[in-house]
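Spelled out from the first residue to the last, the chains are:
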Amino acid sequence: MYNPQRIEKKWQKIWGKTGLYKTADKIKRKKNFYCLDMFPYPSGEGLHVGHLHGYIGSDIVSRYFKMKGFNVLHPMGFDAFGLPAENAAIKRKIHPKTWTYKNIRLIRKQLRTIGATYDWEREIITCEPEYYKWTQWMFLQLFKKGLAERAKVACNFCPSCKTVLANEQVVDGKCERCGSEVIQKEIEQWLFKITDYAEDLLKDLEGIDWPERTKTMQRNWIGKSEGYEIKFEIRNSKFEIPVFTTRADTLFGATYLVVAPEHPIISNLKSQISNLKFVEEYIEQSKRKTERERLSEVKDKTGVEIKEVKAINPVNNREIPIFVADYVLFHYGTGAIMAVPCHDQRDFEFARKYNLPMVEVIKPILQEKKLPERAPLVVSDGRFERAYEGEGYLTNSGRFDGMNSEIARQEIGAGLEKKGLAKKRVHYKLRDWLISRQRYWGAPIPMISCQKCGWQPVPEKELPVLLPKIKDYLPVGEGKSPLAKSRKFVETTCPKCGGSAQRETDTMDTFVCSSWYYLRYADPKNDKKFAAKEKLRSWLPVDLYVGGAEHAVMHLLYARFFTKVLKDLRRISFKEPFLKLRHQGTILGPDGQKMSKSKGNVIPIDETIKKYGADTMRLYEMFMGPFEATTAWDTRGIEGCSRFLKKVWKLMSNVKCQMSLYRKRKFSRNLNVKNEKLERLFHQTIKKVTEDIENFRFNTAISALMILVNELVKQPALEIRSLKLVVKLLSPFAPHLTEELWQKIRGCRGLTSTSWRGLTLPEFKSIFQEKWPKYKKELTKEAVITFIIQVNGKVRDKIEVEAGISEEEAKKLTLEREKVKKWFGSKEIKKFIFVPGKLINIVISDNEFVSNKRIRLFVNS
RNA sequence: GCCGAGGUGGUGAAAUUGGGAAACACGAUAGGUUUAGGACCUAUUGCCGAAAGGUUUGUGGGUUCAAAUCCCACCCUCGGCACCA
């Protein structure tokens, strides 16, 4: 009987004791393979079957590459800092560290039970001083390069978590973690200047093997747009308002300007504004709005004219009014826009509401006397219906009339550039990464504030700045970290002047910790460097990175940023951290809903393993569907995989009987009756499984194995060679079962009769030290094929023929078939279509054989 | 609204250089085995039809000897972004 519980525990123990998955630091780079999982956050609930999906996939690939002869690095660790630990600590009155380590122990145990190949000696935990010393070191490098900046900025502040958040952590105006409404708050904060790398982050997406949707998401997030920055002078004033536009061709249609509420022009020209009180009131109002409120007003644009202040449109020197409105964002572009109501829907709505002039400057080009798609503005009783945002030719634009808009864009822009009124500019939506967090459970920011010398970095030799043990983790509200309560921590001396100074009390965003962890695995115990150069060289960049699509922008963007910075600092020699990225799909509960404790639809790992065994669970998770697809757990579906493994087990136990008969010389040496078809099936399966593993198509690999096994159980006798092949092919998917069978088969051959205790690697040769099977290309093709005979494209007959059948022969055989004859009788054959090795199609044109399509057409007309 | 992925049996899905639609599995039905249940084995299983045969890949159209696959239009689902000038 197949008893997974027994053999799985046994092999996990043996693999662990013999050090099968220890990774050696040597061998040439090209024979090394770095397979990385996104490391888990040690949450209190542990893992469920959904979390394992990616880990199983990467484990299959790791085992496969190992058998292919690669030196595989497959490490695991924990992203251990973060808010939930702190919140749990407050709630349960235990230290965040205690809580975190308790969870780590739980998850580590769970990961062991699935039989993953992790080299636990390389485990890293981001909340350990040995690790965050280097996180702090990274901060210092960024600081020294001018990439870490302190600035007073309007921050996203979560009143419930009492901390600021990065833009990436605000979802729909709500805190990504707790869901509370995010408010805007001006606080002095540390920022990483990721925007300096916007272009590289965009450009280098080209060369990496990542899912297209992930690349697209990053591209959109970076949001590059090219255009001109155009200066609008202000009448009777030395000030000017620069605006950014991608549509310089519409400049003649710019009938007013709009500035963001935060725009400096308002305070600069205070004295000139006749309705200052009104304007200031509006600004106050918009400041009080939350991000969500602003978003919900997308349709209804509000604004106030700044009276008595007029701008000059540089192309025609016309005086135009200026408005302040919060639909213009201060942080994007120049914080001011030129409004072209006829050719921008937002400006159009605003102009209509406040009754502002509209000038049409782009006419769509008629295509075949028809308006193009997304038809442009329509004039009804002298009024426009909507803005036309497409291309066309210019009108009402002086000497540019009649010019194509795309050309005019360059011409007008270049013309103004010559006069010094415009310059070419590129803008990005990407904003700098705010990394300060006013929370306890994170890596302290290694900075010291001195009254005399300003902000000073903690000297590298003094790292790590240890996170002090404090009793009260409650944040101090008002944007102060709980660390501020510890005088012992705060009070220090200035590294520059030696005078008394204060430490920064904020901690770093946990995404900083995870932005470089993949480097640490190469050399996890190094206390002189974050990792030794030669070790980085032999392992990095990561060959395969597997993890959830939810990290498409945050983690993956930050990690790429860090890699680029380190490359520029000459600390590493590559510019992209993850060469190949694959996302695992989400596993939903049996009810088709996302698994969650509150819905009660969580499938726990432990119970599943107890019932079916880890191998069955692994197999089923991979068999459910395509790796990246979202699929619901089917409590009955797993039965099929369980049956399959039982079948394999049974197949082998039958063999054991046969083997003993063989020893009694009752069987011939060659147990297999010569079976060419089976031989070919083997080669086809090896090819299929090999290619499918490399392409992450585990579901079809498993189905190929099922087909092979279904065929094998029908055989009266089998060669040992064949059995070994099946076991090897199945081994990455079901490692415990196959290791057991492998050792049994070897036992059959009389090599060892084993008591498993006290084995060392040289004595015990694991199946995962064996070579992955190879196939012969010529044997992956069938010798005899089912040849299809079609009449007018419909299958009418099938014949078994040799694969290499010629056209002549095929025609002859076809015309002899009674079944085929019946379909054309005496009618004229118009043509034969012969597809070698596949089919023949006889085309008959006859009234009776008018295709149904035509009949339908006929009836319709 | 924009960007991306997708839409195939009762279910998860397979087939994408254009060439047998539904592999593999679940479920269901019938039979065998069993004291019974379970397990296992055999057969059937897209739909209509007694059969011959017809018909079927979100909808409509097109290209082709031949379309799930290519082209055009539309509908729907999921994911992301969203006043980004």
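Residues numbered from 1 in each chain as written. Chains lettered and ligands numbered in written order. Predicted model: local features only at pLDDT ≥ 70, side-chain atom pairs only at ≥ 80, totals over all residues. Heavy atoms only, no water.

Undergrad: Kindly report on the overall build of chain A, identifying the contributing residues and their values.
TA: For chain A, the count of helices and strands is 27 helices and 35 strands. Looking at chain A residue by residue over its 861 residues, the buried ones come to 52%. Summed over its atoms, the accessible surface of chain A is roughly 41,800 Å², and 50% of this surface lies on carbon and sulfur atoms. (Helix = DSSP H or I, 4+ residues; strand = E, 2+ residues; numbered from the N terminus. Buried < 20%, exposed > 50% of the residue type's maximum accessible area, 1.4 Å probe, protein only. Areas by Shrake-Rupley, 256 points an atom, 1.4 Å probe, with all protein chains shown as cover.)

Undergrad: Which residues make up the confidence of the model for chain A, and what are the values?
TA: Summarising the model, chain A shows a mean pLDDT of 85, and 89% of its residues fall at 70 or more. Taken together, the stretch residues 664–673 has pLDDT below 50 and engages in 15 contacts with residues farther than four places along the chain or on a different chain. Note on residues 847–861: pLDDT under 50 across the span, and seven contacts to partners over four residues away in sequence or across chains. The ipTM for the predicted assembly is 0.93, set against a pTM of 0.89. (pLDDT = per-residue confidence, 0-100. Contact = heavy atoms within 4.5 Å.)

Undergrad: Any chance you could break down the sheet that holds strand 1 (residues 32–37) for me, citing the residues and the numbers?
TA: Spatial strand order, 2-1-28-29: four strands in an open sheet with parallel pairing. The open sheet has two free edges, formed respectively by strand 2 (71–73) and strand 29 (581–583), since each of these has just one partner strand. Strand-to-strand twist in this sheet, taken as the mean axis angle between neighbours without regard to direction, amounts to 20°. Relative to the sheet, helix 2 (residues 49–67) contacts strand 1, strand 2 and strand 28 (544–547), its axis offset from that of strand 1 by approximately 170°. (Pairing = 2+ DSSP bridges. Axes fitted to C-alpha atoms, helices over the stretch in contact; angles between N-to-C directions.)

Undergrad: Residues and numbers for the protein's contact with RNA strand B, please.
TA: Around RNA strand B sit 55 residues, and of these Thr246, Arg346, Lys429, Met624 and Lys798 come closest. Within 4 Å of the protein, the contacting atoms of RNA strand B are 62% sugar and phosphate, with bases supplying the remainder. Residue Arg643 places a side-chain N or O atom 2.5 Å away from a phosphate oxygen belonging to RNA strand B. Between RNA strand B and Gln790, the relevant distance is 3.4 Å, taken from a base nitrogen to a side-chain nitrogen or oxygen of the residue. Among the elements that line the surface near RNA strand B, the one with the most residues is helix 22 (residues 698–712), at six residues. Counted by class, the surface near RNA strand B contains 22 nonpolar, 17 polar and 16 charged residues. (Near = heavy atom within 4 Å. Polar contact = N/O pair within 3.5 Å; in protein donor to acceptor, adjacent residues only side chain to side chain. Nonpolar A, V, L, I, M, F, W, Y, C, P; charged D, E, K, R; others polar.)

Undergrad: Give a detailed account of the packing of aromatic side chains, specifying residues and quantitative values.
TA: One pass over the full model with this rule turns up 46 aromatic pairs. A centroid spacing of 5.8 Å and a plane angle of 75° characterise the contact between Tyr517 and Tyr521, whose relative ring orientation is edge-to-face. Taking the centre distance of 6.0 Å and the plane angle of 80° together, the rings of Phe561 and Phe562 count as edge-to-face. As far as the burial class goes, Phe561 and Phe562 line up, both buried. Put simply, the rings of Phe139, Phe143, Trp190, Phe192, Tyr197, Trp433, Trp455, Phe511, Tyr558, Phe561 and Phe562 touch in pairs and so form one group of aromatic residues. The positively charged end of Arg63 is found above the aromatic ring belonging to Trp15, 4.9 Å away from the centroid. If you follow Lys301 out to its NZ or CZ, it ends over the ring of Tyr327, 5.8 Å from the centre. (Phe/Tyr/Trp six-rings, centres within 6.5 Å; stacked < 30°, edge-to-face > 60°. Lys NZ or Arg CZ within 6 Å of the ring centre and 35° of its normal.)

Undergrad: Before we move on, can you summarise the pattern of salt bridges with the specific residues and values?
TA: Here the structure, examined in full by the defined rule, presents 40 salt bridges. Note that Arg219 is salt-bridged to Glu206, the shortest N-O span being 3.9 Å. In this pair, Arg219 sits in helix 7 (residues 212–222) while Glu206 sits in the loop between helix 6 (198–203) and helix 7, placing the two residues 13 residues apart along the sequence. In this structure, Glu679 and Arg721 form a salt bridge, with 3.7 Å as the shortest nitrogen-oxygen distance. Remark: Arg721 occurs in helix 23 (residues 720–730) and Glu679 occurs in helix 21 (residues 676–694); sequence separation between them is 42 residues. By relative accessible area, Glu679 is classed as partly exposed at 26%. (Salt bridge = Lys/Arg side-chain N within 4 Å of Asp/Glu carboxyl O.)

Undergrad: Explain the sheet that holds strand 25 (residues 491–493) to me, and be specific about the residues and the numbers.
TA: The antiparallel open sheet is built from four strands, whose spatial order is 24-23-26-25. Only two strands of the sheet have a single neighbouring strand rather than two, namely strand 24 (454–457) and strand 25. On average, each strand axis in the sheet is tilted by 45° relative to the strand beside it, whichever way the strands run. Relative to strand 26 (residues 500–503), strand 25 runs antiparallel, the two being bridged by three bridges. Bridged to Thr492 within strand 26 is Ala501.

Undergrad: Pulling in residues and values, what's your account of the pairing of strand 10 (residues 225–234)?
TA: Counting buried positions over the ten residues of strand 10 gives seven, a clear majority of the element. As judged from the six bridges shared by strand 10 and strand 20 (residues 422–427), these two strands associate in the antiparallel manner. Paired with Glu229 across the strands is Lys423, a residue of strand 20. Taken together, the six bridges between strand 10 and strand 11 (residues 240–245) define a ladder with antiparallel strand orientation. Bridge assignment links Phe232 to a residue of strand 11, and that residue is Ile241. The antiparallel hairpin formed by strand 10 and strand 11 contains five residues in its connecting segment, where Asn236 sits at a positive phi of about 55°. Bridge count between strand 10 and strand 13 (residues 304–313): two bridges; the pairing is antiparallel. When the sheet's bridge partners are listed, Glu233 is paired in strand 13 with Ile312.

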